[in-house]
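# Reading the structure
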Amino acid sequence: MSTTATTLFDKVWDAHVVRKIQDGPDVFFIDRHFIHEVTSPVAFLGLEGRGLSVMFPDKTFATADHNTPTINQHLPVKDPLSANQLKALEQNAAKYGISHWGLGNPKNGIVHVVGPENGITLPGMTIVCGDSHTSTHGAFGAIAFGIGTSEVEMVLSSQCIMQPKPQKMRIVVNGTLNKGVLPKDVVLYIISKLTAAGATGYFVEYAGDVFENMSMEGRMTVCNMSIEMGARGGMIAPDETTFNYIKGKDKAPKGDMWDKCLAYWKTLKTDEGATFDKEYMYDAADIEPMITYGTNPGMGIGITQAIPTADQVDSGKATYEKALGYMGFHEAEPMLGKKIDYVFIGSCTNGRIEDFRAFASIVKGRKKADNVTAWIVPGSHVVEQQIKDEGILDILTEAGFELRQPGCSACLAMNDDKIPAGKYAVSTSNRNFEGRQGPGARTLLASPLVAAAAAVTGVVTDPRELIS
Amino acid sequence: MAYDKFTVLKSTAVPLPIENVDTDQIIPARFLKATERKGFGDNLFRDWRYNNDDTPKQDFVLNNPIYSGKILVAGKNFGSGSSREHAAWAIYDYGFRCVVSSFFADIFKNNSINIGILPVTVSAGFLDKIFKAIEADPKAELEVNLPEQTITILPTGEQESFDINGYKKHNLTNGFDDIDYLQAMKQEIGAFASNRLY
């Protein structure tokens, strides 16, 4: 009997199709569902309105992250609307028997940080959350993507959503990364090549030396930003790095179940000869530390390059001029040396321990620039504790930085961590949209190393100049 | 949540010829703090529509009384970014029932159909024709015919057909949603779940 060469994506997708609807979407089974305070309350209201219950409460996990404060978390939340959402999440979780890691819980943190660090995210799973950066979990060889609130209600009530199968794209990056180039630079580079809509309609598999040699934290950073080129998600085949990361985690399989899972996980890779609808190949040697200059994540360049002119970009002239006008930048200007006001390190993109290690590697022995306000926000309490245990907090304190408490923070500015209008922020988060970090805020997306270099010099600086 | 059935919509349209309109522009994050689905239309395109002191920005299209209607026509890659369904809610709540663009972000497109907004994808050339027709006459009407899957610029008679899968079309024309469908197959889902490894 001949077998067909199959992609990793097909293997996982096809294993979750409960029913195929002719001329319609697949009825798609969901293994893990994460919920947070912002996109779930209306879904629970919907359940109540229809008199439905939660079909599998043990497959849904709740954490509060989007609008939680990052200082004085022991005090009542001041903003009454935020407090109300947090209370609704707590009450809904209690009512339906859903695990809830609310504010003050030692397991609390950003949903896409706490899922993996507690072993909830596993290879071969389907994972959804009412948050587009759910693509993060694809780093484990899972199919993970963001959904809307109507779909949250579907998953709660039936553990399924209706989903047309996306097309398949493979992005291969081979070679060795240059000094000072981090996973964030790799993904910003890819998005700059494909544009902010270049992978819409596709699910991406990342393959090649660069991803094989990457840590789990790095893979999560890359998969996290898949949505920023329009892809529903991105995934990387699980390997020894993945298995070693998962083993021993709180909710990871143990004993016989571990062996059973491991045997299955080892089958989760793209077979030789399997085909994709689209493929791109890049050379790691071409990637330098990246920075964005515009108002979508596709508007990125190598840090030593100049801002492109309108005729060099894909978007229409009016759209391009609007973007540069918002940023207060001009065509053909260099990015190096631009004065900045804020630095934000954190978020589901770069809020894990490796990110703070990278940040500290440049900060060590230097001082925070006087013109810079820095918000340093761990992705979870676990990461916060690692920062303390590894002596990173001492390095930060010595350099004049303060550590805040976990949450989404200035990535989307739903809490008080808002960049003021007109100010420039070098941010390790994922979106540089107009007003994303506060009304009128101007965001330059970059890696933790670029953020650190900006934080100690006060201007956009090539981190390679500060690496010994 | 129940929505109005969608069959044939004849309406003037509001033009927004900007590309890559992300959901943070459609509804900024600071307006996502409600625990009920109401009032989102007031903050549709909030930061493009209002100054910091809440006075309307006169040059933004929604503040221009010449333009009105139930159809929003936008540049390519509309609805990118965050998965917030609040963006679709804001568009629906404001009074739009149809969004026309040459390219939509996936999650926004799903969210729209799920709440009863019809996203119509047209060719870049046809999108240009629509913008030109509205520029020539802001009262120019479009007709979006879901059963026939066509969109027509009425003053010129130019027409293009659009894609939608049969299942979603059936839902929209009848006002059904996916939850009705899924509830009817819970036994099948339960059996499927019991065979999962985790």
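## Overview of unusual backbone geometry
Residue and element names in this part refer to chain A. A positive phi angle is found at Asn-72, which is not glycine, with a value near 50°. With respect to the helices and strands, the residue Asn-72 is situated in the loop between β4 (60-63) and α3 (80-96). Look at Asn-72 and you get partly exposed, because its relative accessible area is 42%. Even without glycine at this site, Ser-409 takes up a positive phi of about 55°. Ser-409 gets classed as buried once you look at its relative accessible area, which sits at 0%.

## Thoughts on the interface of chain B and chain A
Accessible area lost on assembly of the parts is the figure often given for the size of an interface. In this assembly, 55 residues from chain B lie in contact with 76 residues from chain A. Around 5500 Å² of area is buried between chain B and chain A when both sides are counted, 59% of it from carbon and sulfur atoms. The three residues of chain B that bury the most area against chain A are Lys-33, Thr-35 and Tyr-198 of chain B, which together make up 15% of that side's buried surface. Applying the counting criterion to the chain B and chain A interface returns 7 salt bridges. Asp-31 of chain A is paired through a salt bridge with Arg-196 of chain B; the nearest N and O atoms lie 3.2 Å apart. In this assembly, chain B and chain A are joined by 32 residue pairs in polar contact (both at pLDDT 80 or more). When contributions to the side of chain B that touches chain A are tallied by element, the ones reaching two or more residues are α1 (23-26), α2 (46-49), α3 (86-94), α4 (106-115), α6 (166-174), α7 (178-183) and α8 (186-194) of chain B. Its residues assigned to classes, the side of chain B that touches chain A comprises 22 nonpolar, 15 polar and 18 charged.

## A few points about the pattern of salt bridges
Here the structure, examined in full by the defined rule, presents 34 salt bridges over all chains. In this structure, Arg-436 of chain A engages Asp-24 of chain B in a salt bridge whose closest nitrogen and oxygen atoms are separated by 2.9 Å. Note that Arg-436 of chain A is positioned in the loop between β17 (424-427) and β18 (442-445) and Asp-24 of chain B in helix α1, a pairing that runs across two chains. By relative accessible area, which is 5% here, Arg-436 of chain A ends up buried. Its salt-bridge partner being Asp-4 of chain B, residue Arg-97 of chain B comes within 3.9 Å of it at the nearest N-O pair. Within this pair, whereas Arg-97 of chain B is found in the loop between α3 and β3 (98-101), its partner Asp-4 of chain B is found in the segment before β1 (8-16), the two being separated by 93 residues in sequence. In the salt-bridge network here, residues are joined through shared partners; they are Asp-10, Asp-14, Lys-165 and Lys-168 of chain A.

## Quick word on the sheet that holds strand β1 (residues 17-20) of chain A
Residue and element names in this part refer to chain A. Read across the sheet, 3 strands follow the order β1-β2-β8 without closing on themselves; strand pairing throughout is antiparallel. Of all strands in the sheet, those with a lone pairing partner are β1 and β8 (160-163), marking the two edges. Taken over all neighbouring pairs, the strand axes of this sheet differ in orientation by 20° on average, direction set aside. Strand direction decides the pairing type here: strand β2 (residues 26-29) and β8, joined by 4 bridges, are antiparallel.

## Brief notes about helix α2 (residues 41-50) of chain A
Burial in α2 of chain A covers these residues: Pro-41, Val-42, Ala-43, Phe-44, Gly-46 and Leu-47 of chain A. The secondary structure elements touched by the buried residues of α2 of chain A are β3 (32-35), α3 and α5 (149-158) of chain A together with α3 of chain B.

## Re the nonpolar core
Ranked by internal contacts, the top residues of the largest apolar core, which has 113 residues, are Phe-359 of chain A together with Leu-16, Phe-45 and Phe-78 of chain B. Per-element tally for this core: the top contributor is helix α16 (residues 448-457) of chain A, with 8 residues. Excluding residues that lie within four positions of it along the chain, Phe-45 of chain B makes contacts with Leu-16, Val-21, Gln-25, Ile-26, Phe-60, Leu-62, Leu-72 and Phe-78 of chain B. If you look at the next biggest cluster of nonpolar residues, it comprises 100 residues, including Val-187, Leu-188 and Ala-231 of chain A together with Ile-189 of chain B.

## Description of the packing of α2 of chain A against α5 of chain A
All names here are of chain A. Where α2 contacts α5, the two axes come as close as 8 Å, and the packing angle between them is 55°. Looking at the two axes, α2 sits oblique to α5. α2 and α5 meet at a crossing whose hand is right-handed. Of the residues in α5, those touching α2 at Val-42, Ala-43, Phe-44, Gly-46, Leu-47 and Arg-50 are Thr-149, Val-152, Glu-153, Leu-156 and Ser-157. Split by residue class, the contact of α2 with α5 holds 6 nonpolar, 3 polar and 2 charged.

## Thoughts on the sheet that holds strand β5 (residues 141-145) of chain B
Residues and elements named next belong to chain B. One open sheet holds the 7 strands; their spatial order is β4-β3-β2-β1-β5-β6-β7, and the pairing between them is mixed. Edge strands, defined here as strands with exactly one partner in the open sheet, are β4 (118-121) and β7 (158-161). Along the sheet, successive strands turn relative to each other by an average axial angle of 25°, direction set aside. Two elements, β5 and strand β6 (residues 150-153), share 4 bridges in a ladder whose sense is antiparallel. Within β6, the residue paired with Asn-145 across the bridge is Thr-150.

Each value, and the rule that gives it
Residues numbered from 1 in each chain as written. Chains lettered and ligands numbered in written order. Predicted model: local features only at pLDDT ≥ 70, side-chain atom pairs only at ≥ 80, totals over all residues. Heavy atoms only, no water. Helix = DSSP H or I, 4+ residues; strand = E, 2+ residues; numbered from the N terminus. Buried < 20%, exposed > 50% of the residue type's maximum accessible area, 1.4 Å probe, protein only. Contact = heavy atoms within 4.5 Å. Buried area = accessible area lost by both parts, 1.4 Å probe. Salt bridge = Lys/Arg side-chain N within 4 Å of Asp/Glu carboxyl O. Polar contact = N/O pair within 3.5 Å; in protein donor to acceptor, adjacent residues only side chain to side chain. Nonpolar A, V, L, I, M, F, W, Y, C, P; charged D, E, K, R; others polar. Pairing = 2+ DSSP bridges. Axes fitted to C-alpha atoms, helices over the stretch in contact; angles between N-to-C directions. Core = buried A, V, L, I, M, F, W, Y, C linked by side-chain atoms within 4.5 Å. Parallel < 35°, antiparallel > 145°, perpendicular 65-115°, else oblique. Left-handed = near helix turned anticlockwise from the far one by under 90°.

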